[in-house]
Amino acid sequence: MLTGETRLVGIIGDPVSHSLSPRMQNAAFAARGLDWTYVPLPVEADSLETAVAGLVALGFAGANVTIPHKTAVVAYCDEVDAVAQRAGSVNTLVIRDGRVLGSSTDGLAVTEAIECRGERVLLLGAGGAAQAVATALADAGASSLTVSSRTPERAHALVARLKTLLAEREIEVADAWPPAGVDATVVVNATPIRDSPLVAVKPEQQVVDLAYRPDGGETALVEAARNAGCRAVVDGLEVLVRQGAASFERWTGVQAPVDVMRAALSE
Ligand code: NAP
C-alpha cells in the first residue's frame, strides 16, 4: 500500500527490466515494517544528469545505479565517499537535504564472499562494477590483477587507473578477449555475459560471477565452476544480496534482513 508518506528509492540503469533488486528490496522494506518502496527506473545515458536531478526534485531517498551508469554518475554526485572515489564508481545514491551522496557497495560484496589475500585475480570486463571490484580486491590483499575486456582501451584505462592507486602491485591487461592461459586463482566476471563461461575454470580457483539470470538459473560460468568443483563459487544473486543489503542500510539506517532478501530472490 503506497501512502502520501511512502519513501521512494529506485534503480537507474539501461536496461533495468531484468533487475531483481525491486523484488529483493521491497521484501526487505516489508520485513522491517518500513513504508518505503523501490521502483525500476530505465534511464538512457543521455538522460543520466536529468534523471539524477529528477530523483532530487521528486523527493527520492536514494537509488541504486547499474549498467552502464556507475562511472558516469560520479559527476552528478554532490559528494562521493572514499570507497567510491577510489573505485571511480558509484552504485548507491543517498539523497539528503537535496544533496546527492554517492557510494559503492559492489566491491565489499565480493571481497567479503571470498579469500582475497595473496590471490591472483583475472577480471573479465572493465566497466563500473569491474572498477569497484578491482579496487576492493587489491585493497583486500590480492597480489596481482589481470584485466581482460572486449574493448582493450577500456582495460588499459582501468589498469592505468589501478596502477596510480596501487603502485606496488602486479597489474596488467590480458592479451586477448576472452583471455586464455592466465594464471589466476580468482576469476571474476564483471560483464553481463551469462551464456558462455568465457574461460576454462580449474578446481583450485575461486569464481565470482556478477551476472545473474532473472529466473535464478545458473549462468554458464557458475555451472562450469560448480562442475569443476572450484574452491569457492559465488553467483550473481549472492553478490546482489550483499551489495543490496549495504545499500538498504545506507538509505534506511536499519539493519538489512539479509535472509529475507536472499529468500525473495528464490521465490
Ligand atoms: P558497465 O559499466 O556498462 O560495464 C560493462 C562491462 O561489460 C564492460 O567492460 C563491457 O565491455 C562488458 N561487456 C558488455 N557486453 C559485453 C559483451 N557482449 N561481450 C563482452 N563484454 C561485454 O556495467 P557494470 O555496471 O560494470 O555491470 C556489468 C555487469 O555486472 C552487469 O551485468 C551488471 O548487472 C552486473 N553486476 C551485478 C551485480 C550484482 O549485484 N550481482 C553488481 C554489479 C554489477 P565494452 O566496454 O566492450 O562494452
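The coordinates are above.
Residues numbered from 1 in each chain as written. Predicted model: local features only at pLDDT ≥ 70, side-chain atom pairs only at ≥ 80, totals over all residues. Heavy atoms only, no water.

### A look at the pattern of salt bridges
Applicable threshold: Only one rule defines a salt bridge in this text: a Lys or Arg side-chain nitrogen within 4 Å of an Asp or Glu carboxyl oxygen. Here a helix means four or more residues in a row that DSSP labels H or I, a strand means two or more in a row labelled E, and each is numbered from the N terminus.
Scanning all chains against the criterion turns up eleven salt bridges. Salt-bridge contacts for Arg 262 lead to Asp 259; the nearest nitrogen and oxygen are separated by 3.7 Å. Here Asp 259 and Arg 262 lie together in helix 9 (residues 258-265), a separation of three residues that amounts to about one turn. Via salt bridges that share partners, Glu 238, Arg 242, Asp 259 and Arg 262 belong to a single interconnected network.

### A word on the pairing of strand 8 (residues 144-148)
Note the following rule: Between buried and exposed lies partly exposed: a residue is buried under 20% and exposed over 50% of the maximum accessible area for its type, with that area taken using a 1.4 Å probe on protein chains only. By the convention used here, strands pair only if DSSP detects at least 2 bridges between them.
Burial of strand 8 is extensive: five of the five residues sit out of reach of the surface. In strand 8, alternate side chains face the same way, and those of Ser 144, Thr 146 and Ser 148 on one face and Leu 145 and Val 147 on the other are all buried. As judged from the five bridges shared by strand 7 (residues 120-124) and strand 8, these two strands associate in the parallel manner. In the strand pairing of strand 8, Leu 122 is matched with Thr 146.

### Let's talk about helix 9
As a reminder of what qualifies: Arc definition: directions from the helix axis to the C-beta atoms. By definition in these notes, contact holds between two residues if any of their heavy atoms fall within 4.5 Å.
Those residues of helix 9 not exposed but buried are Met 261, Ala 264 and Leu 265. In an axial view of helix 9, the angular spread of the buried residues amounts to 100°, which keeps them on one side of the axis. As for helix 9, its buried residues are in contact with helix 1 (21-31) and helix 8 (236-252).

### Digging into unusual backbone geometry
A cis amide bond links Ile 67 with the next residue in sequence, Pro 68, at an omega value of 5°. Relative to the helices and strands, Pro 68 resides in the loop between strand 3 (62-65) and strand 4 (79-80). The omega torsion of the bond from Trp 177 to Pro 178 falls at -10°, within 30 degrees of zero and hence cis. As for its placement among the helices and strands, Pro 178 is situated in the loop between strand 9 (170-173) and strand 10 (186-189).

### Considerations on the packing of helix 1 against helix 9
Let me state the cut-off plainly: Interaxial angle, 0 to 180 degrees, is taken between N-to-C directions of lines fitted to C-alpha atoms, where a helix line uses only the stretch in contact. Each angle receives one of four descriptions, namely roughly parallel if under 35 degrees, roughly antiparallel if over 145, roughly perpendicular if within 65 to 115, and oblique otherwise. Definitions for this section: a left-handed crossing has its near helix turned counterclockwise from the far helix by less than a right angle. A right-handed crossing has that turn clockwise. Gly is placed with the polar residues, together with every amino acid not listed as nonpolar (Ala, Val, Leu, Ile, Met, Phe, Trp, Tyr, Cys and Pro) or charged (Asp, Glu, Lys and Arg).
Contact geometry for helix 1 and helix 9: axes closest at 8 Å, N-to-C directions at 140°. By the angle between their directions, the pair helix 1 and helix 9 is classed as oblique. The way helix 1 lies across helix 9 gives a crossing that is right-handed. When helix 1 is examined against helix 9, the residues Arg 23, Met 24, Gln 25, Ala 27, Ala 28 and Ala 31 are found in contact with a partner set consisting of Val 260, Met 261, Ala 264 and Leu 265. For the contact of helix 1 with helix 9, the class distribution of residues is eight nonpolar, one polar and one charged.

### Re the sheet that holds strand 1 (residues 7-13)
As summarised here, the arrangement of the six strands in space is 2-1-3-5-6-4, forming an open sheet in which the pairing is mixed. Edge positions in the open sheet fall to strand 2 (36-42) and strand 4, since each of these has one partner strand only. Relative to strand 3, strand 1 runs parallel, the two being bridged by four bridges. By the bridge assignment, Ile 11 is partnered in strand 3 with Asn 64. Packed onto the sheet, helix 1 meets strand 1, strand 2 and strand 3 and runs at close to 170° relative to strand 2. Along the sheet, helix 2 (residues 48-57) contacts strand 1, strand 2, strand 3, strand 5 (92-96) and strand 6 (99-103); its crossing angle with strand 5, the most-contacted strand, is approximately 45°.

### Brief notes about the site of the ligand
How we decide: Nearness of a residue to a molecule or strand requires only that one of the residue's heavy atoms be within 4 Å of it. Polar contacts, as counted here, are pairs of nitrogen or oxygen atoms within 3.5 Å of one another; within protein the pair requires one atom able to donate a hydrogen and one able to accept it, and residues that are adjacent in sequence qualify only if both atoms are side-chain atoms. Each accessible area is a Shrake-Rupley estimate made with a 1.4 Å probe; only the visible protein chains count as cover when residues are assessed. In this analysis a 1.4 Å probe is tested at points of a 1 Å grid over the protein atoms alone, and where it fits but cannot get out there is a cavity; an open set with protein on both sides within 12 Å along at least five of seven lines is a pocket; lining residues have an atom within 4 Å of a point. Molecule-in-pocket calls rest on the fraction of atoms, with more than half required to lie within 2 Å of the cavity or pocket grid points.
The local shell around the ligand holds 23 residues, among which Gly 128, Ala 129, Arg 150, Thr 151 and Arg 154 are the closest. One of the side-chain N or O atoms of Arg 150 is found 2.8 Å from an oxygen atom in the ligand. Coverage of the ligand by the protein chains reaches 86% of its 920 Å² of free accessible surface. The pocket occupied by the ligand, as judged from atoms lying within 2 Å of grid points, is the largest pocket. Looking at the shell around the ligand, the elements with two or more residues in it are helix 5 (128-139) and helix 8. Ranked by residue count, the leading element in the shell around the ligand is helix 8, at four residues. Residue composition of the shell around the ligand, by class: twelve nonpolar, seven polar and four charged.

Everything listed is a geometric property; what it means functionally is a separate question.
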